[in-house]
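Understanding the architecture of this molecule
Each chain, letter by letter, is given below.
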Amino acid sequence: MEFNVKKLASDAGVFFSRAMQFTEEKLGQAEKTELDAHFENLLARADCTKNWTEKILRQTEVLLQPNPSARVEEFLYEKLDRKVPSRVTNGELLAQYMTEAASDFGPGTPYGKTLIKVGETQRRLGAAEREFIRSASISFLTPLRNFLEGDWRTISKERRILQNRRLDLDACKARLKKAKAAEAKAAAEHELRLTQTEFDRQAEVTRLLLEGISSTHVNHLRCLHEFVESQTNYYAQCYQFMLDLQKQLGRFSGTFVGNAESASPAAATSPPTVAAATLPAVPTIPVVPTIVGVPNTVAEGVLNPNEVKPPASGTRRARVLYDYEAADSTELALLADEMITVYSLPGMDPDWLIGERGNQKGKVPVTYLELLS
């Protein structure tokens with residue numbers, strides 16, 4: 001490789017001249033070419049965009065992956081340009097443990113059945129989380145990262161060049177002031193014109209890049225909308241999954257208790273006084289005996305609110321504990337803290353009651369009610 005001594009000396013001279021100019025400006029011993037107010041505003045806006053983009057990017061990464069070690073691992077894979085291995089979500093891991101536990105405890109036992117149901121919901125939650133992370137990474141994190149690693153690096157490079165051009169320009173101005181001889185002044189003026197042209201050209205390039213920050217904001221705004229949409233879909237899925245699970249557990253809770261009591265010999269032989277002392281008193285609804293000749297619509301699984309008549313006795317008032325969304329036309333939607341009238345019908349699932357509110361009727365889950373005397 002050819003060693004160019006003249007170029008090395010020239011570069012060293014330019015570097016020394018810029019260093020001297022920068023030092024004298026800091027000490028107040030040299031004048032500094034100021035950029036116009038619009039240009040300064042563009043610079044401040046660009047710096048603000050860069051700083052907040054970095055903070056939003058980092059915190060979004062923490063939101064999507066709270067584990068610091070996992071984030072470091074993903075960062076290393078990305079820098080090595082290798083595909084990040086698929087990682088099991090916490091929900092999916094919990095689902096696996098619950099399913100394995102159900103196999104050991106017995107999938108036919110009340111506890112095993114519940115573990116399987118809850119485990120399946122956790123698996124669905126984990127899959128939804130995985131999809132949300134993938135969608136958010138593509139639609140939101142990647143554009144922010146591309147800005148910082150692409151456009152911002154270009155802007156930073158051109159700003160450094162502009163800073164050097166300004167130092168060269170101010171150094172030329174200083175040499176022109178110090179020049180005494182006519183020949184020296186002519187040379188300094190020529191050098192000043194060339195340096196001024198280079199500075200103006202670089203200032204225009206940098207200004208155009210800085211004005212492009214407005215387009216960056218528009219792009220990031222669109223990405224932000226997509227991120228919110230992904231997050232909305234994710235939480236809506238989670239809510240629906242948990243609502244379905246809650247309904248399943250509400251329907252079978254009474255069966256679980258009955259099975260647990262019948263399967264436990266100790267419970268069958270325990271004195272009534274001990275059971276009364278340890279278990280809370282739960283109000284019960286008297287079941288109306290089956291009347292010969294009356295069609296058992298509830299036992300057949302079909303409820304027509306117009307055909308259901310309240311019994312002469314056995315109705316009670318109940319306060320709704322939680323909001324409940326009716327799954328079909330046979331159920332009655334509930335609002336927390338409202339008062340309704342409830343009663344049971346022959347052959348009806350013990351975990352459900354008939355609820356009435358004005359002219360509206362429908363099945364309601366017992367677990368959502370506080371039965372009043």
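Let me begin by describing the structure that accompanies this report. As the structure is a computational prediction, the values presented were derived from the model and not from experiment.

Notes on the packing of helix α4 (residues 90-105) against helix α5 (residues 110-178)
Running from N to C, α4 and α5 cross one another at 165°; their axes reach a closest spacing of 7 Å. In terms of their interaxial angle, α4 and α5 are classed as roughly antiparallel. Viewed along their axes, α4 and α5 form a crossing whose handedness is left-handed. For the pair α4 and α5, contact is made by Gly 91, Glu 92, Leu 94, Ala 95, Met 98, Ala 101, Ala 102 and Phe 105 and by Tyr 111, Gly 112, Leu 115, Ile 116, Val 118, Gly 119, Gln 122, Arg 123, Gly 126, Ala 127 and Arg 130, respectively. Counted by class, the contact of α4 with α5 contains 11 nonpolar, 5 polar and 3 charged residues.

Comments concerning the nonpolar core
If you look at soluble globular proteins, the nonpolar side chains tend to sit buried side by side. Counting 30 residues, the largest nonpolar core has Phe 39, Phe 132 and Leu 210 as the members making the most contacts within it. Looking at which element gives the most residues to this core, the answer is α5, with 14 residues. Dropping the residues within four chain positions of it, Phe 132 is found in contact with Leu 64, Phe 227, Ser 230, Gln 231 and Tyr 234. Residues Val 342, Met 348, Leu 353 and Tyr 368 belong to the second largest nonpolar core, which totals 17 residues.

With respect to the environment of Leu 141
Positionally, Leu 141 belongs in helix α5. By relative accessible area, which is 5% here, Leu 141 ends up buried. It is 9.9 Å that separates the C-alpha atoms of Leu 141 and His 220, two residues lying 79 residues apart in sequence. In contact with Leu 141, other than residues within four places in its own chain, are Leu 57, Thr 60, Glu 61, Leu 64 and Ala 136.

Conventions used here
Residue positions are given per chain, counted from 1 along the sequence in the order it is written. Given that this is a predicted model, residues contribute local features only at a pLDDT of at least 70 and side-chain atom pairs are listed and counted only at 80 or more, while totals for whole chains, interfaces and linings are drawn from all residues. Neither water nor hydrogens contribute to the side-chain values; these are computed over all heavy atoms in the structure. Between N-to-C directions, angles cover 0 to 180 degrees, with each direction set by a line fitted to C-alpha atoms, over the stretch in contact for helices. Strands are runs of DSSP state E lasting at least two residues, helices are runs of H or I lasting at least four, and both sets are numbered from the N terminus onward. Oblique is the label for every angle not falling under 35 degrees (roughly parallel), over 145 degrees (roughly antiparallel), or within 65 to 115 degrees (roughly perpendicular). A crossing counts as left-handed when the near helix is turned anticlockwise from the far one by less than a right angle, and as right-handed when that turn is clockwise. In this analysis, two residues are considered to be in contact whenever any of their non-hydrogen atoms come within 4.5 Å of each other. Each residue is assigned to one class: nonpolar for Ala, Val, Leu, Ile, Met, Phe, Trp, Tyr, Cys and Pro, charged for Asp, Glu, Lys and Arg, and polar for all the others, Gly among them. We call a set of buried residues a nonpolar core when its members are Ala, Val, Leu, Ile, Met, Phe, Trp, Tyr or Cys and they connect through side-chain atoms within 4.5 Å of each other. A 1.4 Å probe rolled over the protein chains alone gives each residue an accessible area, and that area as a share of the maximum for its type sets the label: buried under 20%, exposed over 50%, partly exposed in between.

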